[in-house]
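# Structural characterization, general
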Amino acid sequence: MDNHSITSTEFACPSMGKKFSPFLRFPAAFVSYVFHPLFIPLIGTWYIAFVQAGFFAGIAPQEKYFILLRVAYNTIFFPALTILLLKGLGFIDSIFLRTKQERIIPYIAANIFYFWMYLVFRNQSGIPPILTAFIFGIFVSSSLALLANIYFKISMHALGVGALTGLMLNVIFSSISYSVFLPAMLIILLTGIVATARLIVSNHTTFDIYTGLFVGIVTQLVAIAFLAL
């Protein structure tokens, strides 16, 4: 192979292949679990509903909790149940989806639930457009990740925190956004922590991470622009 020819799988973190100490691997694994991609839609919805509450002006707190519940069972419970069923039936070897092949069916299942959630929000009065766009952006990014999965194992964690970063940008660009400085700094910090954690406890390359971040952010910006048409 020519020394100047670099494939995506070779574009890796310099520390790839080295053993990290448990003092790094344990917190990295903890971060990976807490900010698992399945939790991102719920985290983003909570942020819009309770931190940037201006988007939900006139909606009772009880209704906000009901919206959170719907997001939880459509984007966490059903996708997680699908993965457990696949594991129980022997279609996948691990619930951690370590190979590209194991990720195909979970991607498709998650996309179905994401698109259903988008349709529900799109046709329900009282749901702010920024939340509908957030869910739609997650659906688009997950669909693109399914296509990318043919060629490389794009980081789903990076897609998730990229979506949160894109959501933050949409909040900042909106005309009714307020109190965004501290949340923006926290999300930027969180993005760096999650990306670093995945390099420590997974076999992802920096290409997988950067691509996931890029797709997650861009699809959120495209989604809000698409729904504004």
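This structure is a prediction, so every number in the text was calculated from the model and none was measured.

### Quick notes on empty space enclosed by the protein
With the rule as written, the count across this model stands at one cavity of 30 Å³ or more. Roughly 300 Å³ of internal volume is contained in the largest cavity. Among the elements of the structure, α2 (40-51), α3 (61-88), α4 (100-122), α5 (129-148) and α6 (156-173) are those that each provide at least two residues to the lining of the largest cavity. Considering every element that reaches the lining of the largest cavity, the biggest residue donor is α4, with five residues. Split into classes, the residues belonging to the lining of the largest cavity amount to 15 nonpolar, five polar and one charged.

### Comments concerning the packing of helix α7 (residues 181-201) against helix α8 (residues 206-228)
Running from amino to carboxyl end, α7 crosses α8 at an angle of 150°, the nearest separation of the two axes being 10 Å. Taken together, the axes of α7 and α8 are roughly antiparallel relative to one another. Between α7 and α8 the crossing geometry is right-handed. Residues Thr 191, Ala 195, Arg 198 and Leu 199 of α7 lie in contact with α8, whose contacting residues are Thr 206, Ile 209 and Leu 213.

### Let's talk about the layout of surface pockets
Considered as a void within the structure, the largest pocket measures approximately 660 Å³ in volume. Looking at the largest pocket, it is lined by 23 residues, and the ones nearest its centre are Tyr 33, His 36, Ile 95, Phe 96 and His 157. Those elements giving two or more residues to the lining of the largest pocket turn out to be α1 (22-34), α3, α6 and α7. In terms of lining residues, the second largest pocket is bounded by Phe 35, Ile 43, Trp 46, Tyr 47, Val 51, Leu 164, Leu 167, Pro 183, Leu 186, Ile 187 and Leu 190. Breaking the lining of the second largest pocket down by element, the ones donating at least two residues are α2, α6 and α7.

### A closer look at the nonpolar core
If you look at the biggest cluster of nonpolar residues, it comprises 47 residues, and the most contacted ones within it are Ile 48, Phe 56, Phe 121, Leu 131 and Phe 134. Not counting residues within four places of it along the chain, the set of residues in contact with Phe 134 comprises Ile 40, Pro 41, Gly 44, Thr 45, Ala 163, Leu 164, Leu 167 and Gln 220. Tyr 107, Ala 145, Ala 148 and Val 215 belong to the second-largest nonpolar core, a separate cluster that totals seven residues.

### A short note on a nonpolar patch on the surface
Together, Phe 66, Leu 69, Tyr 73, Phe 77, Leu 81, Leu 85, Leu 89, Phe 91, Ile 104, Ile 105, Ile 108 and Ile 112 make up an exposed nonpolar region whose accessible area comes to about 1,200 Å². For the nonpolar patch, the elements supplying multiple residues, two or more each, are α3 and α4. Top contributing element to the nonpolar patch by residue count: α3, with six residues. Considering the arrangement of structural elements, one finds Ile 105 in helix α4. Given the relative accessible area of 42%, Ile 105 is considered partly exposed.

### A closer look at the confidence of the model for the protein chain
Predicted coordinates in areas of low pLDDT are best not read in detail. Looking at the protein chain as a whole, its pLDDT mean stands at 87, while 89% of the residues score no less than 70. Segment residues 1-17 is flagged for pLDDT under 50; beyond a separation of four residues in sequence, or across chains, it makes 20 contacts in the model.

### Examining the side chain of Gln 220
By the element assignment, Gln 220 lies in helix α8. The class of Gln 220 is buried, set by a relative accessible area of 0%.

### Concerning the packing of α6 against α8
Where α6 contacts α8, the two axes come as close as 7 Å, and the packing angle between them is 35°. Relative to α8, α6 is oriented so that their crossing is right-handed. Two secondary-structure elements touch here, α6 through Ala 158, Leu 159, Val 161, Gly 162, Ala 163, Thr 165, Gly 166, Leu 167, Leu 169, Asn 170 and Phe 173 and α8 through Ile 209, Gly 212, Leu 213, Val 215, Gly 216, Ile 217, Gln 220, Leu 221 and Ile 224. When grouped by side-chain class, the residues that make up the contact of α6 with α8 number 13 nonpolar, seven polar and no charged.

Cut-offs applied
Residues numbered from 1 in each chain as written. Predicted model: local features only at pLDDT ≥ 70, side-chain atom pairs only at ≥ 80, totals over all residues. Heavy atoms only, no water. 1 Å grid on protein atoms, 1.4 Å probe; cavity = no way out; pocket = protein on both sides within 12 Å on 5 of 7 lines; lining within 4 Å. Points joined across faces, edges and corners; volume = space filled by probe spheres on them. Helix = DSSP H or I, 4+ residues; strand = E, 2+ residues; numbered from the N terminus. Nonpolar A, V, L, I, M, F, W, Y, C, P; charged D, E, K, R; others polar. Axes fitted to C-alpha atoms, helices over the stretch in contact; angles between N-to-C directions. Parallel < 35°, antiparallel > 145°, perpendicular 65-115°, else oblique. Left-handed = near helix turned anticlockwise from the far one by under 90°. Contact = heavy atoms within 4.5 Å. Core = buried A, V, L, I, M, F, W, Y, C linked by side-chain atoms within 4.5 Å. Buried < 20%, exposed > 50% of the residue type's maximum accessible area, 1.4 Å probe, protein only. Patch = residues over 30% accessible without salt bridge, like charges linked within 9 Å, V, L, I, M, F, W, Y side chains within 5 Å. Areas by Shrake-Rupley, 256 points an atom, 1.4 Å probe, with all protein chains shown as cover. Salt bridge = Lys/Arg side-chain N within 4 Å of Asp/Glu carboxyl O. pLDDT = per-residue confidence, 0-100.

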